[in-house]
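In case you want the letters, here they are:
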Amino acid sequence: MAIGATMHTFTVQLADVDRGVYEELSLRTARQSAETDAFMMTRVLAYCLEYEEGIAFSEGIASADEPAVSVRDLTGRLLAWIEVGAPDAARLHRGSTSAERTAVYTHRDPAKVAAQWTGKRIHRGDEVVLHSFEPGFVEQAAALVERRNDMTLSVTERRIYLELNGTALSSAIIDQPAQ
C-alpha cells in the first residue's frame with residue numbers, strides 16, 4: 001500500500017442471478033491519493049461483477065504492469081485482465097496478449113473511452129468488452145462510500161441493484177465491444 005492510501009472495507013452480499021454466483025465477500029481496497037472515489041467504486045463493482053475463483057485486486061493505479069483486477073488459475077496463469085476507467089490502447093493490447101479474456105469497466109462516457117482506441121492496435125480488440133453504467137450511477141454510489149461499507153449487490157438481466165450503506169441505487173450494465 002502506497003503512502004497516502006486510504007483503506008476501505010466492503011462487506012458484500014453478492015447475488016449475480018445472470019451468472020449463478022451467490023457469495024458473501026469481504027473486500028479490502030486501498031484508494032490511492034491520486035485515485036478518485038468513482039474510480040475506486042468502479043474497481044469494486046468490476047471485482048464483484050467478475051467474481052470467480054482466483055480473482056484479485058492489483059495495487060490499483062500504483063501498478064503500471066498489472067490490471068486493476070485480474071483472475072488467475074491455480075497454476076498462476078492469467079485468465080482475465082480487467083481494466084478500470086479509460087486505459088490506453090497499449091494497456092489493452094498488453095492485457096489481451098497476456099490473458100484469455102480482457103474487459104474494461106468505466107465510470108466515464110463509454111463513447112469517449114472507446115473513441116480513444118479507434119485505429120489503434122489491440123490484440124483481439126473485437127473480443128474486448130467495455131462495460132459501463134447509466135450516467136451518474138457510479139458517482140452516486142461513490143458519494144456513499146465510507147471507510148467501512150455494507151453492500152448488497154444483485155444482478156439480473158444485466159441490471160444492477162445496489163444497496164450501499166443503507167441507500168438503494170440501480171443501473172443497467174451497458175456492454176459494448178471495445179472496437
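Up top is the structure these notes are about.
In this text the structure is predicted, and so the values were computed from the model without any measurement. (Residues numbered from 1 in each chain as written. Predicted model: local features only at pLDDT ≥ 70, side-chain atom pairs only at ≥ 80, totals over all residues. Heavy atoms only, no water.)

Colleague: Would you explain the sheet that holds strand 1 (residues 6-16) in this entry?
Modeller: Through backbone hydrogen bonds, the strands of a sheet pair up, either in parallel or in antiparallel fashion. Strand order in the open sheet made by the 10 strands is 2-1-8-9-10-7-6-5-4-3, with mixed pairing throughout. Only two strands of the sheet have a single partner each, and these edge strands are strand 2 (21-31) and strand 3 (55-57). Neighbouring strand axes in the sheet, compared pairwise and without regard to direction, differ in orientation by 25° on average. Sitting on the sheet, helix 1 (residues 37-49) touches strand 1, strand 2, strand 3, strand 4 (69-72), strand 5 (78-84), strand 6 (101-105), strand 7 (129-133), strand 8 (148-156), strand 9 (159-164) and strand 10 (167-177), and the angle it makes with strand 2 is about 150°. Against the sheet, helix 2 (residues 89-98) makes contact with strand 5 and strand 6, and its axis sits at roughly 165° relative to strand 5, the strand it touches most. (Pairing = 2+ DSSP bridges. Helix = DSSP H or I, 4+ residues; strand = E, 2+ residues; numbered from the N terminus. Axes fitted to C-alpha atoms, helices over the stretch in contact; angles between N-to-C directions. Contact = heavy atoms within 4.5 Å.)

Colleague: Where do I start with unusual backbone geometry in this structure?
Modeller: Most peptide bonds are trans, and most residues other than glycine sit at a negative phi. Look at Glu157: it is not a glycine, yet its phi comes out positive at around 50°. Here Glu157 is to be found in the loop between strand 8 and strand 9. The exposure class assigned to Glu157 is exposed, which follows from its relative accessible area of 73%. One non-glycine residue with positive phi stands out, namely Arg158, at about 60°. Within the secondary structure, Arg158 sits in the loop between strand 8 and strand 9. (Buried < 20%, exposed > 50% of the residue type's maximum accessible area, 1.4 Å probe, protein only.)

Colleague: Whenever I open this one, the side chain of Asp16 confuses me. Can you help?
Modeller: Within the element layout of this structure, Asp16 appears in strand 1. On the basis of relative accessibility, which here comes to 1%, the residue Asp16 falls in the buried class. Separated by 2.9 Å, the side chains of Asp16 and Arg19 make a polar contact. Setting aside anything within four residues of it in sequence, one finds Asp16 in contact with Val21, Tyr22, Leu49 and Val155. (Polar contact = N/O pair within 3.5 Å; in protein donor to acceptor, adjacent residues only side chain to side chain.)

Colleague: I keep staring at the nonpolar core and nothing clicks. Help me out?
Modeller: Nonpolar side chains tend toward joint burial in soluble globular proteins. Residues Met41 and Met151 are the most contacted members of the largest nonpolar core, which totals 41 residues. Beyond its immediate sequence surroundings of up to four residues, Met151 is in contact with Phe10, Thr11, Val12, Gln13, Met41, Val44, Leu45, Cys48, Leu162, Glu163 and Leu164. Counting residues in hydrophobic clusters, the runner-up holds 10 residues, among them Ala89, Trp117, Val128 and Ala178. (Core = buried A, V, L, I, M, F, W, Y, C linked by side-chain atoms within 4.5 Å.)

Colleague: Can you walk me through the pairing of strand 4 in this structure?
Modeller: For a regular strand, side-chain orientation follows a simple rule: the groups alternate between the two sheet faces. Sheet topology note: the strand 3/strand 4 ladder contains 3 bridges and is antiparallel. Its bridge partner lying in strand 4, Ile55 is registered against Val71. A loop of 5 residues connects strand 4 with strand 5, the two strands running antiparallel in sequence, and Gly76 in this loop sits at a positive phi of about 95°.

Colleague: Got a minute to help me understand the pairing of strand 5 in this structure?
Modeller: Here strand 5 lies mainly inside the structure; 7 of its 7 residues are buried. Strand direction decides the pairing type here: strand 4 and strand 5, joined by 4 bridges, are antiparallel. Pairing of Ser70 across the sheet is with Trp81, part of strand 5. Here strand 5 runs beside strand 6; their pairing, made up of 5 bridges, is parallel. For Ala80, the partnering residue across the bridge sits in strand 6 and is Arg101.

Colleague: Explain the environment of Leu25 to me, please; I cannot follow it from the model alone.
Modeller: Looking at the element boundaries, Leu25 is found in strand 2. Between the alpha carbons of Leu25 and Thr11 there is a distance of 5.9 Å; along the sequence they are 14 residues apart. If we ignore the near neighbours within four places in the chain, the residues touching Leu25 are Phe10, Thr11, Val12, Leu14, Tyr47, Cys48 and Tyr51.

Colleague: Where do I start with the packing of aromatic side chains in this structure?
Modeller: Geometry of an aromatic ring pair is reported as the spacing of the ring centres plus the angle between the planes. For the coordinates displayed, the defined rule picks out 3 aromatic pairs. Here Phe133 and Phe137 contribute two aromatic rings whose centre-to-centre distance is 5.6 Å and whose plane-to-plane angle is 35°, an arrangement assigned as tilted. For Phe133, a relative accessible area of 7% puts it in the buried group. Residue Phe137 is classed as buried on the basis of its relative accessible area of 2%. Every member of this aromatic cluster is reached through a ring pair, and the members are Tyr47, Tyr51 and Phe57. (Phe/Tyr/Trp six-rings, centres within 6.5 Å; stacked < 30°, edge-to-face > 60°.)

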